[in-house]
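Remarks on the overall topology
Single-letter residue listing:
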Amino acid sequence: MKKEFLEIGKFVGTHGVKGMVRIQPWSDNGEFLTQFKKFYLQNGKQKIELLKITPHGNVVIASVKGINTIEEAEKLRNHVLYIRRDDAALPEGRYFISEIIGSHVYDADTGALLGTLSDVSPTGANDVWHIKRDDKEYLVPAIPDVIVDVDIDTDVIKIKPLKGIFDDED
């Protein structure tokens, strides 16, 4: 489901003594955060201005307007950082994980409801989607041979399940 505000990362610590912060980006890489001018806290309720954003390994180092000491920066620890969805320019066929969680997953060939996407686990080679149906959870590789269509406007995902995942076939 398309949301007005999307979680983009989390403040995980401070950097230096002049109020800089470390942000764990929740995107393919930290460079993604550098394209935004507006950020928010509290699910979009509070605007926050990041003055300088620099990818640094697996985190992003940033300065925050009005934060000038390590003590002030420490208060941001564990807060989630948001962007407005409309500010994100994603290529066709790309989406945020938070937009697909809760989507109904259907068999592309039969139309059968397979379950609801409950989680996504990054494995390195490809993501693995967790699909829940009743009291069972099925793990599906998010690869082009399996994922047919993802529609975030209707919360519908169509897949071609591999044999044996949803049934007892070998």
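Structure first, text after, so check above.
Residues numbered from 1 in each chain as written. Predicted model: local features only at pLDDT ≥ 70, side-chain atom pairs only at ≥ 80, totals over all residues. Heavy atoms only, no water.

**Observations regarding the overall build of the protein chain**
What counts here: Numbering of helices and strands runs from the N terminus, with a helix taken as a DSSP run of H or I at least four residues long and a strand as a DSSP run of E at least two residues long. Throughout, exposure labels follow a simple rule: accessible area from a 1.4 Å probe, protein chains only, divided by the maximum for the residue type, with under 20% read as buried, over 50% as exposed, and the rest as partly exposed. With residues, only the protein chains shown are counted as cover, and all accessible areas are computed by Shrake-Rupley using a 1.4 Å probe.
For the protein chain, the helix and strand inventory stands at two helices and 13 strands. Based on the C-alpha atoms only, the size of the protein chain along its principal axes is roughly 60 × 30 × 30 Å. Counting all 170 residues of the protein chain, 36% fall into the buried class. Of the roughly 10,200 Å² that the protein chain leaves accessible, carbon and sulfur atoms contribute 47%.

**Digging into the sheet that holds strand β13 (residues 156-159)**
What counts, and what does not: One bridge is not enough; two strands pair if DSSP finds at least two bridges between them. To get an axis, fit a line to the C-alpha atoms, keeping to the stretch in contact for a helix; angles then go from 0 to 180 degrees between the N-to-C directions.
If you trace the six strands from one edge of the open sheet to the other, you get β11-β10-β9-β8-β13-β12, paired in mixed fashion. Since the sheet does not close on itself, it has two edges, and those belong to β11 (136-141) and β12 (147-151), each with one partner. Averaged over all adjacent pairs, the angle separating strand axes in this sheet is 35 degrees, with direction ignored. Taken together, the six bridges between strand β9 (residues 113-122) and strand β10 (residues 127-133) define a ladder with antiparallel strand orientation. Note that in β10 the partner of P122 across the bridge is D127.

**Remarks on the side chain of H130**
Rules: Polar contact is the term for a pair of N or O atoms within 3.5 Å; when the atoms are in protein, one must be able to donate a hydrogen and the other to accept it, and sequence-neighboring residues count only if both atoms are side-chain atoms. Whether two residues touch is decided by their heavy atoms; if any such pair falls within 4.5 Å, the residues are in contact.
Following the sequence through the fold, H130 ends up in strand β10. We classify H130 as buried; its relative accessible area is 11%. For H130, the side chain forms a polar contact with the side chain of S121, separated by 2.6 Å. Beyond its immediate stretch of four places on either side in the chain, H130 contacts T116, L117, S118, D119, V120, S121, E137, Y138 and L139.

**Remarks on the side chain of T14**
For T14, the position within the fold is in strand β1 (residues 5-15). Here T14 is in contact with M20, V21, R22, I70, A73, E74 and R77, once residues within four sequence places are set aside.

**Re the layout of surface pockets**
The criterion, for reference: Method remark: on a 1 Å grid restricted to protein atoms, a set of points is classed as a cavity if a 1.4 Å probe fits but cannot get out and as a pocket if it is open with protein on both sides within 12 Å along at least five of seven lines; lining residues have an atom within 4 Å of a point. Grid points are joined across faces, edges and corners, and a volume is the space filled by probe spheres set on the points. Ten residues, namely Ala, Val, Leu, Ile, Met, Phe, Trp, Tyr, Cys and Pro, are considered nonpolar, four, namely Asp, Glu, Lys and Arg, are considered charged, and the remaining ones, Gly among them, are considered polar.
The space that makes up the largest pocket amounts to roughly 1,200 Å³. Among the elements of the structure, α2 (97-100), β9, β10 and β12 are those that each provide at least two residues to the lining of the largest pocket. Looking at the lining of the largest pocket element by element, the count peaks at four residues for β9. Tallied by class, residues from the lining of the largest pocket come to 18 nonpolar, six polar and ten charged.

**Some points on the packing of aromatic side chains**
Basically, it comes down to this: Aromatic rings from Phe, Tyr and Trp, taking only the six-membered ring of Trp, are treated as a pair when their centres fall within 6.5 Å; an angle between ring planes under 30 degrees marks them as stacked, one over 60 as edge-to-face, and anything in between as tilted.
This model, assessed by the stated rule, comprises five aromatic pairs. The interplanar angle of 75 degrees and the centroid separation of 6.3 Å between the aromatic rings of F36 and F39 together place this pair among those described as edge-to-face. Look at F36 and you get buried, because its relative accessible area is 4%. Pairwise contacts between aromatic rings join F32, F36, F39 and F96 into one cluster.

**Topic: the nonpolar core**
What counts is decided by this rule: The term nonpolar core refers to a set of buried residues drawn from Ala, Val, Leu, Ile, Met, Phe, Trp, Tyr and Cys, joined through side-chain atoms within 4.5 Å.
I23 and L81 are the most contacted members of the largest nonpolar core, which has 23 residues in total. Elements represented by at least two residues in this core include exactly β1, β2 (20-25), β3 (39-41), β5 (50-56), β6 (59-64) and β7 (80-84). Not counting chain neighbours up to four residues away, the residues in contact with I23 comprise G9, K10, F11, V12, L33, L50, V59, V60, A62 and L81. Core analysis: the second largest hydrophobic core is formed by 16 residues, I131, Y138, I147 and I152 among them.

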